[in-house]
Amino acid sequence: MINDIIKALPTEPPKEAFEHYKECIRDQNIIIYQSTMAYFPLEDRRRKAVKCKCTACGDEFIEERYDFQADCFYSRPPAPFGFIDPRTNEPVYEGLDFICPYCGSPVRARHISGTHKDFIVSEYFFNTVHEVNGALCILCWCLRKVADKDGNVKHTVTMCDGNIFKGKTSYTVSAYLKNYNPYTGYTAIYQGYWRKQSYWEDKIGKVHSCDIFPFDQEVLSRSRYENCKLDKFISKIEECHPALYMEIYIKHPNIENLVMCGMSRLVEEKLSSLRGTKSNLSKNMGIDFKESKPYKMLRLNSKTDLLLARRYRFNNEWLLFYADFKDSVSIEEILELKRSKCTYDLRILDIVTSRFDVRLTTVVNYLDKQKKRYGSKYNVIMYKDYISALLNLIDKKEITKEHLFPKNLKTQHDSATQRWAQIQYEQGAEEKKARSLQIEKRAAKLAQFCYQSENLLITPCPSDKALFIEGNTLSHCVYRYSESYANGNTAIFFIRKKDMPEAPYFTLEYSEKDNEILQNRGYDNEAPPKEVVVFAKEWLKYVTKLIKEKQNGKSTCSKSKQHANA
Ligand SMILES: [Zn+2]
């Protein structure tokens, strides 16, 4: 049956759609240029020049040639030359956007090149909705404006792909093959006929609503989807996933209830976040499809909640959050949160409140206090890392309020994350032994670069374990460099405050080959403050001096040896 549908699919879009979208790319044009010999009457001689043709005005004109320097980036093919724009006296070359000096249209310069193919001036994808043999088909077309070498313009349209819906089943069709070329990336080879794809895929994807050509309600009723509200869904928002919407609709027709109560934006947001295979798509939407009342579908307490959520433009994240916590939080509390403290990471609030039976406002108030205490250094990530380390270290039943809300978050965070790092590290200690030995040797060699200022000091990372703890405490990924540090491809240094030499502060990556600081990162990859930047510069100067001294020392050494030999 699907084969009959595919055979009956249109091979071109409706004429009106073609004409409509042709207008969308009307203003995109090129100027095709090529080398020529031209007669210059003032000089009374023929010499090299450039012939140009504008696809907007159709004018042909001769311009001064512009040759690139041999080492210039643009001297690569397709053209080692361009021409001088008589309007601005600036050079113009392949790929550059400028204004046609004769008609004033925005154009792009294209060199004629050696190929015999037409130029693609512009490409535009649009979609049409059809009823074919009782199935609903959403098809995507590729409209191209092409120019031949003489600047003659024409429009072509090619079938691309689409999604087909019939009853509770859906199919994917395609009319091109993807071809991979290491130089140009993926290109499409259009086959000119529709073919069923073996696996399901959303072929239409996210599109601007205006790129779906308007269709009659008739199309929906003839394909027996008269109640699907696809048209309403598309018309209410700027961008949407029409095929994904239908995919959900054929399994759960009550999705249209959400569209009908003005939640199209929310539905689209949920569709946008969907990942996964066809069979479990709807499971990830956070919608209770067994219900039919919109507020129950969204797992809210009442119709009033739904009205409030809509009035205050709850996005999907807030709505899901409220749905999860509606027993311990009122929607007014959520509103208050959303109004003032929406910077809080909802996931951490989620972990703490759901696992420890704590009121949401308690957590928020605690985080506020810590924020006041630590100012800009405060980071919700710090709290999150602390809680996750805590969960690893202590049995959930033994975690108390004091554990959850320590007076001095920073200190508790540091000790908990370090303890957890230690435990994790010991688990794989055996394999790391060899690497650790190498790192110790490296550190001994790099120890000559130790340096200190009044407040700060810098030392090479002494061991594999220290590197692990550093990355874990500072919540960054320095431990990934362990291998390359061990085998000498890079060097890792620790910057410490002199009064707290044990506490990780900033981690610096240094290239011995180029005598250069590659990166310098603090907690959660934060950039260093001025004091640390200045210190690192000072240190680099010191290192450079040391290296020079050593080189000079060596060369005098070898010279004196030569003398001795002579
Ligand atoms: Zn022109």
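Here's what I pulled together on the structure shown here. (Residues numbered from 1 in each chain as written. Predicted model: local features only at pLDDT ≥ 70, side-chain atom pairs only at ≥ 80, totals over all residues. Heavy atoms only, no water.)

## Some details on the overall build of the protein chain
Counting its regular elements, the protein chain contains 20 helices and 20 strands. When burial is assessed residue by residue, the protein chain has 44% of its 566 residues classed as buried. Sequence separation of at least 24 residues holds for 59% of the intrachain contacts in the protein chain that already meet a minimum separation of 6. In the form shown here, the protein chain has an accessible surface area of approximately 31,200 Å², with 50% of it arising from carbon and sulfur atoms. (Helix = DSSP H or I, 4+ residues; strand = E, 2+ residues; numbered from the N terminus. Buried < 20%, exposed > 50% of the residue type's maximum accessible area, 1.4 Å probe, protein only. Contact = heavy atoms within 4.5 Å. Areas by Shrake-Rupley, 256 points an atom, 1.4 Å probe, with all protein chains shown as cover.)

## Regarding the nonpolar core
With 60 residues, the main nonpolar core has Leu136, Leu230, Tyr245, Met246, Ile255, Leu271 and Leu298 as its most contacted residues. Take this core: its biggest share by element is 7 residues, from helix α5 (residues 242-251). Once you skip the residues sitting within four places of it in the chain, Met246 turns out to touch Leu136, Ile138, Phe165, Tyr225, Cys228 and Leu230. Listed in part, the 32 residues of the second largest apolar core include Leu456, Ala491, Phe494 and Val543. (Core = buried A, V, L, I, M, F, W, Y, C linked by side-chain atoms within 4.5 Å.)

## Re the packing of helix α16 (residues 409-427) against helix α18 (residues 464-474)
In the contact formed by α16 and α18, the axes pass within 9 Å of each other and the chain directions differ by 135°. Judged by the inter-axis angle, α16 sits oblique to α18. Considering the relative orientation of α16 and α18, their crossing is right-handed. For the pair α16 and α18, the contacting residues are His413, Thr417, Gln418, Ala421, Gln422, Gln424, Tyr425 and Glu426 in the first and Asp464, Lys465, Phe468, Ile469, Asn472 and Thr473 in the second. Among the residues making up the contact of α16 with α18, the classes are represented as 4 nonpolar, 7 polar and 3 charged. (Axes fitted to C-alpha atoms, helices over the stretch in contact; angles between N-to-C directions. Parallel < 35°, antiparallel > 145°, perpendicular 65-115°, else oblique. Left-handed = near helix turned anticlockwise from the far one by under 90°. Nonpolar A, V, L, I, M, F, W, Y, C, P; charged D, E, K, R; others polar.)

## Describing the sheet that holds strand β5 (residues 81-84)
Strand pairing within a sheet occurs via backbone hydrogen bonds; the two strands may be parallel or antiparallel. If you trace the 3 strands from one edge of the open sheet to the other, you get β4-β5-β6, paired in antiparallel fashion. Both outer strands of the open sheet, β4 (65-67) and β6 (91-92), are each paired with one neighbouring strand and no more. Pairing of β5 with β6, which is carried by 2 bridges, proceeds in the antiparallel orientation. Paired with Ile84 across the two strands is Pro91, which belongs to β6. (Pairing = 2+ DSSP bridges.)

## Description of the packing of aromatic side chains
Each aromatic ring pair is specified by the distance between its two centres and by the angle formed by the two planes. Summed over the entire model, instances satisfying the criterion amount to 22 aromatic pairs. Judged by centre distance (5.8 Å) and plane angle (80°), the rings of Trp141 and Trp194 are edge-to-face. A residue pair is termed long-range when its members are at least 10 positions apart, and Trp141 in strand β10 (residues 135-147) and Trp194 in strand β13 (residues 185-196) qualify at 53 residues. As far as burial versus exposure is concerned, Trp141 and Trp194 are alike and both buried. Taking 5.0 Å as the distance between ring centres and 90° as the angle between the ring planes, the aromatic pair formed by Phe468 and Tyr479 counts as edge-to-face. Of this pair, Phe468 sits in helix α18 while Tyr479 sits in the loop between α18 and α19 (482-486), and the two are 11 residues apart along the sequence. Both residues of the pair, Phe468 and Tyr479, belong to the buried class. Linked through ring pairs, Tyr21, Tyr124, Phe126 and Phe213 together constitute an aromatic cluster. Here the guanidinium or amino end of Arg65 rests over the ring plane of Phe81, the centre of that ring lying 4.1 Å away. (Phe/Tyr/Trp six-rings, centres within 6.5 Å; stacked < 30°, edge-to-face > 60°. Lys NZ or Arg CZ within 6 Å of the ring centre and 35° of its normal.)

## What about the environment of Leu367?
Take Leu367: it is sitting in helix α13 (residues 360-374). Distance from Leu367 to Phe405, taken between C-alpha atoms, is 8.8 Å for residues 38 residues apart in sequence.

## A short note on the side chain of Thr473
Of note, Thr473 is situated in helix α18. Judged by its relative accessible area of 4%, Thr473 is buried. Within polar-contact distance, the side chain of Thr473 engages the backbone oxygen of Ile469 at 2.5 Å. The residues contacting Thr473, other than those within four sequence positions of it, are His413, Thr417, Gln418, Pro504 and Tyr523. (Polar contact = N/O pair within 3.5 Å; in protein donor to acceptor, adjacent residues only side chain to side chain.)

## Notes on helix α10 (residues 316-325)
Note that an α-helix has 3.6 residues per turn; residues three or four places apart therefore point the same way. Among the 10 residues that make up α10, 7 are buried, leaving the element largely enclosed by the rest of the structure. Looking only at α10, the buried set comprises Asn316, Trp318, Leu319, Phe321, Tyr322, Ala323 and Phe325. One side-chain oxygen at the N-terminal end of α10 lies 3.0 Å from the backbone nitrogen of Trp318; it belongs to Asn315.

## Section: α18
Across the 11 residues of α18, 9 count as buried, placing the element largely inside the fold. Looking only at α18, the buried set comprises Asp464, Ala466, Leu467, Phe468, Ile469, Glu470, Gly471, Thr473 and Leu474. Note on α18: the residue one or two positions beyond its end, Ser475, has a positive phi of about 55°.

## Regarding the sheet that holds strand β1 (residues 29-40)
If you trace the 5 strands from one edge of the open sheet to the other, you get β3-β2-β1-β8-β7, paired in mixed fashion. In this open sheet, the two edge strands, each paired with only one partner strand, are β3 (60-63) and β7 (97-99). Going from strand to strand, the sheet's axes swing by 45° on average, the running direction of each strand aside. Two strands pair when backbone bridges link them, and β7 and strand β8 (residues 106-111) are joined in this way by 3 bridges, in the antiparallel orientation. Along β8, the bridge assignment pairs Phe98 with Val107.

## Thoughts on the pairing of β5
As paired strands, β4 and β5 are joined by 3 bridges and run antiparallel to one another. What sits directly across from Asp67, in β5, is Phe81.

## Remarks on the coordination of the zinc ion
Where a metal carries four tetrahedral donors, each ideal angle is 109.5 degrees; where it carries six octahedral donors, the ideal angles are 90 or 180 degrees. The coordination sphere of the zinc ion, as far as protein atoms go, consists of Cys54 (SG), Cys57 (SG), Cys100 (SG) and Cys103 (SG), spread over 2.3 Å. If you look at the zinc ion, its 4 donor atoms make angles of 99 to 122° with each other, and the shape they trace is tetrahedral. Sequence positions of the residues that donate to the zinc ion give the spacing C-x2-C-x42-C-x2-C. Of this pair, Cys54 sits in strand β2 (residues 45-54) while Cys103 sits in the loop between β7 and β8, placing them 49 residues apart in sequence. (Donors = N, O, S within 2.8 Å, 3.2 Å for Na, K, Ca; no water. Tetrahedral: all angles 85-135°; square planar, octahedral: opposite > 155°, others 65-115°.)

## Some points on the packing of helix α7 (residues 264-272) against α10
Between α7 and α10, the least distance of the axes is 10 Å, while the angle of their chain directions is 90°. Taken as axis vectors, α7 and α10 run roughly perpendicular relative to one another. Between α7 and α10, the residues in contact are Leu266, Glu269 and Lys270 and Asn316, Glu317, Leu319 and Leu320, respectively. By residue class, the composition of the contact of α7 with α10 is 3 nonpolar, 1 polar and 3 charged.

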